[in-house]
Amino acid sequence: MSDTILVVGEPDGPALAEATVEAVGVARQLAGPAGTVVGFVAGSGAAARAAGFAAVGVGRVLVADDPRFDQAPPAALARPAAATAEQAGASVVVLGGTTFGRDLVGSLAVAFRAAAANGVTELERSGDAVRVRRPVFSGRATEERRLTGPRAVVSVRPHTFPPANGPAVPLAVEAAPSCDLPAALLGPTRTAVAAAAQGGGPSLADAAIVVSGGRGVGAPEKFAIIDALAASLGAAVGASRAVTDAGWRPASFQVGQTGRTVSPQLYVAVGISGAIQHVIGMVSSRVIVAINNDATAPIFRVADYGIAGDLFEIVPALTAEVRRVRGK
Amino acid sequence: MEIVVCVKPVPEAESRLRANGAGTAFDPEGVKFVLAGYDESAVEQALLLKQAAPGSRVHAVALGPPGRTDEVLRASIALGCDSATAVTADVPAFHDPVATARELAEAVRGLGKVDLVLFGKHAGDDEEGLVGSAAAEALGLPFVGFVVDLRHDAGRLRFRRSVERGEETWEAPLPLAVGLQQAWNDPRTATLPAILRSRKAPIARRASGPPDAAAGSSVAERFALPPPRQGAKMIEFKSPQEAAEKLVRLLREEAKVFP
Amino acid sequence: MVDFSLSPDAESLRDLARKFARTEMAPHAAECDRTSRFPEEIYRKAHALGLMNLNVPTEYGGSGLGLFEQCLIVEELAYACGGMTTSTIANCLALEPILLGGTPEQQRRILSPFCSAYQLAAFCLTEPSSGSDAGAVKTRARRDGDAYVLDGEKCFISNAPHASLYTVFATVDPGLKHRGVTAFVVPRSTEGVVVGKDEEKMGHRASATGSVRFERVRVPASDRLQGEGDGFSLAMRTLDQTRTPIGALATGIAQAALDHAARYALKRETFGKPIAEHQAIQIKLANMTQAVHAARLLTWHAAWTIDRGGKGTLESSIAKCFASDAALHVADEAIQIFGGYGYMKEYPVEKLLRDAKLTQIYEGANEIQRLVTARELLRAYS
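Residues numbered from 1 in each chain as written. Chains lettered and ligands numbered in written order. Predicted model: local features only at pLDDT ≥ 70, side-chain atom pairs only at ≥ 80, totals over all residues. Heavy atoms only, no water.

1. Considering the arrangement of the chains
Phase 1: Contact analysis covers two pairs of chains in contact, and the most contacts occur between chains A and B.
Phase 2: With no contact formed, the shortest span from any C-alpha in chain A to any C-alpha in chain C equals 10 Å. (Contact = heavy atoms within 4.5 Å.)

Structure (structure tokens):
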């Protein structure tokens, strides 16, 4: 495999999606000090999005500034992306593992005649192969796979890798090569987009990070500090049964035996004692953090990290620190 | 409409997860394989479309050793699929998904004219979710995943797609390949008489072909359950700010869970 | 050669029953027990899925299952709720005399319309003064032209309050004792059929049980099963078939009690460790496990014997008696393991004891089962 890694850019309005910036960080690590990361963007306004690559240190960007891709399925980018990877001399393609990226990985793997993996949480070069680790069975186990062969396509789980952070470099845009793209692949058309009813924030079912509040939060109006921490982390908000029973949040927020089971990368339990009925719903999370002012609370037995303190002081401090670290 | 649903046998939800002796792969010994959850929705969606367009047929396809494929194909027939094909391949449960996709595409190609190919969003075991998009490319079909509420109306499909920021509305001509997240109804339960009939239903068989050697492969190397939790590492702090800083640093550097 | 494993066909039936039991029945079991509610919507779903009328041949709209497969299903349903299972399988009991004693014309005429839509049937043998002594029924059937006039009262009849069809055992001549007993099929709509209220019971409270009075009820001779005086034998042959599924029902209750107790014992801590690590609890759990395994295997063996054409009277009387005694004992021990919590209605085990008790009484009280067993045993030596 060569040292050139291609990152496929996902559009987010006029800019690049955050998941793409995370993918750049991953690609840079894979490429190593001697390797190169090249970007690819498709759709109208692609040239403007290409600037997003340069801002985080990817100077060479191949662009298919073609309105046909604007409302087309992500999977339709397979052949253009494969042709681009060939042109750029890349043998590995990395994408953010969003709905965009996950729809594209399979078709790209076939178009590029590559081995593939979706939603990886760790990866590394290993001789002439790429080794990946990913969660399986709803996070109850992990597997490691070796992608052998000359080419590989990988999507990385969002919010798992740090986003690339520059330094910015000058942008050199090239036209992406043309390829045989049957009109049929562009047949499906997106006609409208409706923002999520709950106004932002990932859904509990898919979120990579969940912040849950329990009885310790004390009152419904104080739940705002949970929302703020979740927003800073890009996390979904959950709740213990005590909270939903009391009506502070709707039942759909309940994590636990009679609510939802979640298995995010990170679960932050705030003011939750750790009764078995709640723990059953979140114990397969990869990392569990507990914040509770009772150091003997059972939650600390299942958590990986614990802070025994006043959540009304700890949580805002944590929110501020996360914002600082994420540069917001 | 001629509809094909590709289904995968996966370990049933309550299965005890174990690695094989070498720790390289999931150990299927003693595990019961059932229809994957999202595949149940895909079958349900296919059957709803069939009901709405009389004269339509639904064909189920699965890949794997007969001991795994036959039960889920019979379950699909019991639910209402008209016919089924088992692609015989002596592969492990966590097989290379791109190779699987190529085989399924070959099997679908062998079925003649097809209007719609449905896949579940992902299988509950490996959760790769890339077989649908890969098989579609191998078949030269357009593919849209994360589909919710798929409807057919005079030769065109209308559906929604569930994405991070909300929901998209889509329209597509036939033929199409779809990764289904949710049908417009909950999956039905097969009745006892249908189950009894499905036990005697014929299943077409085809052998799998040689893999595409030039394409490389994805090989399982390790399968591991997380070590049992030992109890929290309690963070010592003199101020809330110190607690926050220490926690964020531990999450980034030690736990490698980037906040 | 024997084979104790289930075929894939059998497993698929068991899985259907298990899924229905866990998703449709179990969530409502406690509420129906508390309020004594008859969950008609659940019974309708059971019918729609083919889980009622298990013993009726498919040509008449039933599921046409052998006894072994019926037992697999019944155990799964009873694991979720004994009462709901009783009402679900009460149809099998009521329709069995028609299967054993009806002419092809009667079977077609009665069974096909009955099975095609959701409805319930009830087996009417027990009376206020005759339960075990089934030959002593007092309900009279007087011949009148080409019909019979029935007078009498049946009580403790499962499904009676909601049934549309009754299989009734009456006597044409009390002097003939059991040789006068005759079987009839009586639609509820017949004039003179008076259905009593749903009785308040110790357990099986999701099942409706009540009396049925027959006041000069006219039954055409064409609705008589077999001949005059054949009824007692028909009832006994019916019970030969239905005894075994009761063993399965009891096994389901016992398994549920064992599962609850074992899980609780692993969580509850006393004297510094889970009670499952105390010998006293381990001995109890071991005894309970022995009982459940034995109950299941005796039931399987009886079902297997009968499916292969054997009469199975010995095997089924053993299975029903042992399994129901086991269910009572296992439920009792489960409560003991739960301690104070077991005594609270908020926890699921006390219901299991109340449900288990009925299995020792109905479909042939265990005392009678022992007499049957003794008789069958001694016959082998003479």
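2. A look at the domain arrangement of chain A
All names here are of chain A.
Phase 1: The assigned domain composition of chain A is domain 1 (4–186) and domain 2 (204–327).
Phase 2: On a C-alpha basis, the centres of domain 1 and domain 2 stand 33 Å from each other.
Phase 3: On the domain 2 side, the residues contacting the nine residues of domain 1 number ten residues.
Phase 4: Counting each side, the surface lost to burial between domain 1 and domain 2 is near 680 Å², with a carbon and sulfur contribution of 42%.
Phase 5: Three residues stand out in domain 1 for area buried against domain 2, namely Ser138, Arg157 and His159, and they jointly supply 59% of the buried area on that side.
Phase 6: Our count for the contact surface shared by domain 1 and domain 2 stands at one salt bridge.
Phase 7: Residue Arg326 pairs with Glu18 through a salt bridge whose shortest N-O separation is 3.8 Å.
Phase 8: In this structure, the connection of domain 1 to domain 2 is made through zero residue pairs in polar contact (both at pLDDT 80 or more).
Phase 9: The residue inventory of the side of domain 1 that touches domain 2, partitioned by class, reads one nonpolar, five polar and three charged. (Domains from an automatic or database assignment. Buried area = accessible area lost by both parts, 1.4 Å probe. Salt bridge = Lys/Arg side-chain N within 4 Å of Asp/Glu carboxyl O. Polar contact = N/O pair within 3.5 Å; in protein donor to acceptor, adjacent residues only side chain to side chain. Nonpolar A, V, L, I, M, F, W, Y, C, P; charged D, E, K, R; others polar.)

3. Comments concerning the packing of aromatic side chains
Phase 1: Across all of its chains, the model carries 15 aromatic pairs over all chains by this definition.
Phase 2: Ring centres 5.5 Å apart and planes at 65° place the aromatic pair Phe26 of chain B and Phe223 of chain B in the edge-to-face group. With Phe26 of chain B in the loop between β2 (9–11) and β3 (33–35) and Phe223 of chain B in strand β12 (residues 217–224), this residue pair connects regions lying 197 residues apart in the sequence. Neither residue differs from the other here; Phe26 of chain B and Phe223 of chain B are each classed as buried.
Phase 3: Here Phe123 of chain C and Phe169 of chain C contribute two aromatic rings whose centre-to-centre distance is 5.2 Å and whose plane-to-plane angle is 55°, an arrangement assigned as tilted. (Phe/Tyr/Trp six-rings, centres within 6.5 Å; stacked < 30°, edge-to-face > 60°. Helix = DSSP H or I, 4+ residues; strand = E, 2+ residues; numbered from the N terminus. Buried < 20%, exposed > 50% of the residue type's maximum accessible area, 1.4 Å probe, protein only.)

4. Observations regarding the sheet that holds β12 of chain B
Phase 1: As summarised here, the arrangement of the four strands in space is β8(A)-β9(A)-β10(A)-β12(B), forming an open sheet in which the pairing is antiparallel. Every other strand in the sheet has two partners, leaving β8 (122–126) of chain A together with β12 of chain B as the edge strands with one partner each. Strand-to-strand twist of the sheet, defined as the mean angle between neighbouring strand axes without regard to direction, takes the value 25°.
Phase 2: Relative to strand β10 (residues 141–148) of chain A, strand β9 (residues 129–136) of chain A is paired through seven bridges, and the arrangement is antiparallel. Each residue of the ladder has a partner; that of Pro135 of chain A, found in β10 of chain A, is Thr142 of chain A. (Pairing = 2+ DSSP bridges. Axes fitted to C-alpha atoms, helices over the stretch in contact; angles between N-to-C directions.)

5. Some words on the side chain of Gln70 of chain C
Phase 1: In this fold, Gln70 of chain C is placed in helix α3 (residues 67–80).
Phase 2: Excluding its chain neighbours within four sequence positions, the residues that come into contact with Gln70 of chain C are Leu54, Asn55, Leu65 and Pro245 of chain C.

6. A few points about helix α1 (residues 8–35) of chain C
Phase 1: The end-to-end C-alpha separation of α1 of chain C is 39 Å, in line with the 40 Å expected for 28 residues at 1.5 Å each.
Phase 2: Residue Met25 of chain C marks the point of greatest curvature in α1 of chain C, where the axis turns by about 50°; the proline Pro27 of chain C follows within four residues.
Phase 3: Looking at the buried side of α1 of chain C, the elements it contacts are α5 (192–199) of chain B together with α2 (40–49), α3, α4 (82–101) and α10 (349–359) of chain C. (Expected span 1.5 Å × (residues − 1). Bend = angle between axes of the 7 residues up to and from the residue.)

7. Quick notes on the pairing of strand β1 (residues 121–124) of chain C
Residue and element names in this part refer to chain C.
Phase 1: Judged by which residues are buried, β1 turns out to be covered on both faces: Ala121 and Phe123 on one side and Ala122 and Cys124 on the other are all buried.
Phase 2: Both β1 and strand β4 (residues 165–171) contribute to a ladder of four bridges, which runs parallel. Paired with Ala121 across the strands is Leu165, a residue of β4.

8. Describing empty space enclosed by the protein
Phase 1: All told, the structure shown has four cavities of 30 Å³ or more when counted by the stated rule.
Phase 2: The calculated volume of the largest cavity comes to roughly 460 Å³.
Phase 3: For the largest cavity, the lining is made up of 35 residues, of which Lys8, Thr100, Leu104, Ala123 and Val131 of chain B are closest to its centre.
Phase 4: At the level of secondary structure, the elements contributing two or more residues to the lining of the largest cavity comprise α4 (99–111) of chain A together with β4 (57–64), α3 (97–109), β6 (116–120), α4 (131–139) and β7 (143–153) of chain B. (1 Å grid on protein atoms, 1.4 Å probe; cavity = no way out; pocket = protein on both sides within 12 Å on 5 of 7 lines; lining within 4 Å. Points joined across faces, edges and corners; volume = space filled by probe spheres on them.)

9. Remarks on the domain arrangement of chain B
Interface size is commonly expressed as the accessible area that is lost once the parts come together.
Phase 1: Taken as a whole, chain B is organised into domain 1 (2–215) and domain 2 (230–259).
Phase 2: Spacing between the C-alpha centres of domain 1 of chain B and domain 2 of chain B amounts to 43 Å.

10. Notes on the packing of helix α9 (residues 311–325) of chain A against helix α6 (residues 240–254) of chain B
Phase 1: Interhelical geometry of α9 of chain A versus α6 of chain B gives an angle of 50° and a closest axis separation of 8 Å. Regarding the angle of α9 of chain A to α6 of chain B, the classification is oblique. Every pair of crossing elements has a handedness; the one defined by α9 of chain A and α6 of chain B is right-handed. Residues Glu313, Ile314, Ala317, Leu318, Glu321, Val322 and Val325 of chain A of α9 of chain A form the contact with α6 of chain B, whose participating residues are Pro240, Gln241, Ala243, Ala244, Glu245, Leu247, Val248 and Arg252 of chain B. (Parallel < 35°, antiparallel > 145°, perpendicular 65-115°, else oblique. Left-handed = near helix turned anticlockwise from the far one by under 90°.)

11. A few points about the sheet that holds strand β18 (residues 305–308) of chain A
Phase 1: What the six strands build is an open sheet, ordered β15(A)-β14(A)-β16(A)-β17(A)-β18(A)-β13(B); its pairing is parallel. Both outer strands of the open sheet, β15 (236–239) of chain A together with β13 (233–234) of chain B, are each paired with one neighbouring strand and no more.
Phase 2: Both strand β14 (residues 209–213) of chain A and strand β16 (residues 266–270) of chain A contribute to a ladder of five bridges, which runs parallel. In the strand pairing of β16 of chain A, Gly213 of chain A is matched with Val270 of chain A.
Phase 3: In the packing of helix α5 (residues 224–233) of chain A onto the sheet, the strands contacted are β14, β15 and β16 of chain A, and the crossing angle to β14 of chain A comes to about 175°.
Phase 4: Sitting on the sheet, α6 of chain B is in contact with β16, β17 (287–292) and β18 of chain A together with β13 of chain B, with an inclination near 175° to β18 of chain A.

12. What about the interface of chain B and chain C?
Phase 1: The interface of chain B with chain C comprises eleven residues on the first partner and 17 residues on the second.
Phase 2: Here chain B packs against chain C, burying approximately 1000 Å² in sum over the two surfaces, 62% of which is carbon and sulfur.
Phase 3: Between Asp9 of chain C and Arg199 of chain B there is a salt bridge, with its nearest N and O atoms 2.6 Å apart.
Phase 4: Where chain B packs against chain C, one counts four residue pairs in polar contact (both at pLDDT 80 or more).

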